[in-house]
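A closer look at the structure
What follows is each chain in one-letter form.
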Amino acid sequence: MSGEAPHLDWRGRLDPPPERVREMAAQAVDWLVTYLGGLRERAVYPRASAAALRAELDQPLPALGRSLDELLELFDRVVVANSRHNGHPRSLGYVSSPGTAIATIADFLASGLNANLTAWRSAPGPVQLERVAIDWIKQALGFDPAGIGLFTSGGSTGNLAGLAAARERHTAGLAGRDGVRALERPLVLYASSECHHSIDKAAALLGLGRASVRRPPLDRELRIDAGGLAALIAADRAAGLDPFCIVGSAGTVVTGAIDPLAELVALGRREGLWVHVDGAYGGFAALAPSVRPSFAGLGDADSISLDPHKWLYQPVDCGCVLYRDPQAARAAFALDADYTRVLDGGADESFAFWDYGPDLSRRFRALKVWMTIAHLGADGLAAAVESDLECARVLRELVTTSDDFELIAGGLSIVCFRFVPAELRGRALDEVDQRAIDLLNERLLVAMQRRGSSYVSNATVDGRFALRACIINYRTTAVDMRRLLDDARHSAATVEAEPREDHP
Ligand SMILES: *Cc1c(COP(=O)(O)O)cnc(C)c1O
């Protein structure tokens, strides 16, 4: 023990004795238990103000340290109280994972071990565990057993990595070595106008430009029309462009549409194009027997981007990318060609994740994924996903059978809907009516988010404003779906009672 005043005991604070570590951890566990136990009673969204938060948190760099008690008090009173509670059963905005106790504990253990998963040699046990977790994901999706993959910060990085491998294979390494300026013809890729904007971002970061993302025609369910895509590819080639990749979505983020993946894979093979599937939102729904047929072809993609921090219920962050051909990934990310040749011999001990993705230092994300899958089993996870899908079916049914709501779109666990005021129900709507309904629903959404009982986000479908609920939370039940509509009705009534601003 040092004789210093507590706030000067830097050594004791950095490296507390075992009993003190136990006390500190117990305080954190007490917080977690109380938090999870009271989650359902909280408002999903806080009444936060940036000015109030600044007043509480903005302080100059402290010269002296404060006690853990003080810091935990501030964390709970200011930070937690001003958070959106993504684990709440009616937190249905965006695509936000609820997190789960087992993964939270695994994250804690992972930080305690503090392994750095750069390469097998740096962390043999953790690296092997990541490879096992990736193998389980491959098996769950029916992906080629010879494929390879790794966990990433998120689905955006997964998309970037998949497209980087596609670009490198198509240009036989020229783009990576000399840059895209060395290419004779401009590279183009194909992705739905409904695809996630991280695809456009990846195209920009890879030097191809956002304009290189070409939009195939869509069918009425907002899925890529494979025949129309084939015609577009032919026309682009004739115009001197150089197609290299087709991107399919295994669940679009706005309406949950699944592109015809088997057709896209067949087209890609015929045309010599890489097929990347963005499964960040919906990929893990392939676990659920009731929707599995819609994912036919997913396992045959050249690369897949996934987000365990969405429908595998992991706390952020955890994305994932899988490649069918390990050599194609190495071509994009490994810098030493001789070194990659050693890997072809399958020497596990010389395996390095840095050969397969953009990062060098990598946290031990695999532990939470592995523990979750090992603890629940594939059947347990499939049942949880089925329960989310069932909630979405219940909500669609409640919406369609109600006389005040209208279903706009929605596949998988996404439901896009809107409130229709009494005077406009059962009528042919002209553009003025439609605009009035859009505005009413916009105001309803803001009112509902402020009220905090249910939280949904918004979407634009066919130019119309929609309330959008996305259910990827094992805590959500059919009762919550009824409550959501009651909350929306309540907010509609509040908004309709407010004086209307004039919209010319
Ligand atoms: C969320 C999402 C992404 C981006 O993933 P991040 O983990 O947020 O980077 C990409 N595509 C789809 C379909 C998504 O739902």
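The coordinates are above.
Below is a short write-up of the structure. Every residue gets a number counted from 1 within its own chain, in the order that chain's sequence is written. For a predicted model such as this one, the threshold for reporting local features is a pLDDT of at least 70, and the threshold for listing and counting side-chain atom pairs is 80 or more; totals across whole chains, interfaces and linings nevertheless cover every residue. With hydrogens and water excluded, all non-hydrogen atoms of the structure serve as input to the side-chain values.

Check the secondary structure of the protein and you find 17 helices and 11 strands. Here the radius of gyration uses the C-alpha set of atoms, whereas the globule reference equals 2.2 Å times the residue count to the power 0.38. For the protein, the C-alpha radius of gyration of 25 Å lies close to 23 Å, the compact-globule estimate for 504 residues. Seen along its three principal axes, the alpha-carbon backbone of the protein occupies a region of about 80 × 70 × 45 Å. Put simply, the protein has 504 residues, and 50% of those count as buried. The protein chains shown are the only cover counted for residues, whose accessible areas, like all others here, come from Shrake-Rupley with a 1.4 Å probe. Accessible surface for the protein amounts to roughly 23400 Å². Of this, 55% is attributable to carbon and sulfur atoms. When charges are counted, neither His nor the chain ends are considered; positive counts come from Lys and Arg and negative counts from Asp and Glu. Here the site of a charge means NZ on Lys, CZ on Arg, CG on Asp, or CD on Glu. On the protein, the mean spot of the 54 positive side-chain charges and the mean spot of the 65 negative ones are 1 Å from each other. Counting from the N terminus, the helices are the DSSP runs of H or I reaching at least four residues and the strands are the DSSP runs of E reaching at least two. The rule is simple: take the accessible area with a 1.4 Å probe, protein chains only, and divide by the maximum for that residue type; under 20% is buried, over 50% is exposed, in between is partly exposed.

So, about the site of the ligand. Taken together, 14 residues lie near the ligand, and Gly 155, Ser 156, Asp 278, Asp 307 and Lys 310 sit nearest. In protein, a polar contact means a hydrogen-donor-capable atom and an acceptor-capable atom, both N or O and within 3.5 Å, with residues adjacent in sequence counting only if both atoms are side-chain atoms; elsewhere, any N or O pair within 3.5 Å suffices. Note that an oxygen atom of the ligand is positioned 2.7 Å from one of the side-chain N or O atoms of Asp 307. Relative to its unbound accessible area of 380 Å², the ligand is 84% covered by the protein chains. Here the shell around the ligand gets three residues from one element, more than from any other, and that element is helix H7 (residues 155–170). Of the residues contributing to the shell around the ligand, the split by class is three nonpolar, eight polar and three charged. Throughout this document, a residue counts as near a molecule or strand when at least one of its heavy atoms sits within 4 Å of that molecule or strand. Under this grouping Gly is polar, as are all residues other than the nonpolar Ala, Val, Leu, Ile, Met, Phe, Trp, Tyr, Cys and Pro and the charged Asp, Glu, Lys and Arg.

Attention now goes to the sheet that holds strand E11 (residues 464–470). Pairs of strands are assigned from DSSP output, requiring at least two bridges between the strands. An order of E8-E9-E11-E10 is seen for the four strands of this open sheet, with the pairing classed as antiparallel. One side of each edge strand has no neighbouring strand; the edge strands of this open sheet are strand E8 (405–409) and strand E10 (457–461). Averaged over all neighbouring strand pairs, the angle between strand axes comes to 45°, with direction disregarded. One ladder, built from four bridges, connects strand E9 (residues 414–419) with E11; its direction is antiparallel. Following the sheet pairing, Phe 417 is matched in E11 by Leu 467. Note on geometry: axes are C-alpha line fits, over the in-contact stretch for helices, and angles between N-to-C directions span 0 to 180 degrees.

Before going further, it helps to spend a moment on the pattern of salt bridges. Side chains that differ in charge, positive against negative, can pair when their charged atoms come close. What counts as a salt bridge is simple: a side-chain nitrogen of Lys or Arg found within 4 Å of a carboxyl oxygen of Asp or Glu. Evaluation of the coordinates by the stated rule reveals 35 salt bridges. We note a salt bridge from Arg 66 to Glu 70, for which the minimum N-O separation is 3.2 Å. Note on Arg 66: relative accessible area 32%, which makes it partly exposed. Taking relative accessible area as the criterion, Glu 70 reaches 39% and is therefore assigned partly exposed. Ionic pairing is found between Arg 214 and Asp 236, a salt bridge with its closest N-O pair at 2.6 Å. Separated by 22 residues along the polypeptide, Arg 214 in strand E3 (residues 213–214) and Asp 236 in helix H10 (residues 226–238) bring together distant segments of the chain. Under the relative-accessibility criterion, Asp 236 is labelled buried at 3%. Among the ionic contacts, a cluster of salt bridges with common partners joins Arg 40, Arg 90, Arg 451, Asp 480, Arg 483 and Asp 487.

This brings us to the nonpolar core. Among the nonpolar cores identified, the biggest contains 101 residues, and Ile 137, Leu 189, Trp 311 and Tyr 323 are the most heavily contacted of them. Ignoring sequence-local partners within four residues, the contact set of Leu 189 consists of Leu 163, Ile 199, Ala 203, Leu 208, Ser 212, Val 213, Arg 214, Phe 244, Cys 245 and Val 247. We call a set of buried residues a nonpolar core when its members are Ala, Val, Leu, Ile, Met, Phe, Trp, Tyr or Cys and they connect through side-chain atoms within 4.5 Å of each other. Residue contacts are counted whenever heavy atoms from the two residues lie within 4.5 Å of one another.

Turning to the environment of Glu 386, a few remarks are in order. As for its placement among the helices and strands, Glu 386 is situated in helix H15 (residues 366–401). Contacts of Glu 386, omitting those with residues within four sequence positions, involve Ala 288, Pro 289, Ser 290 and Arg 393.

Residue Asp 317 follows Val 316 across a cis peptide bond; omega there is 0°. Structurally, the position occupied by Asp 317 is in the loop between helix H12 (308–311) and strand E7 (319–323). Although it is not a glycine, Tyr 94 sits at a positive phi angle of roughly 55°. One can find Tyr 94 in the loop between helix H4 (68–79) and helix H5 (101–113).

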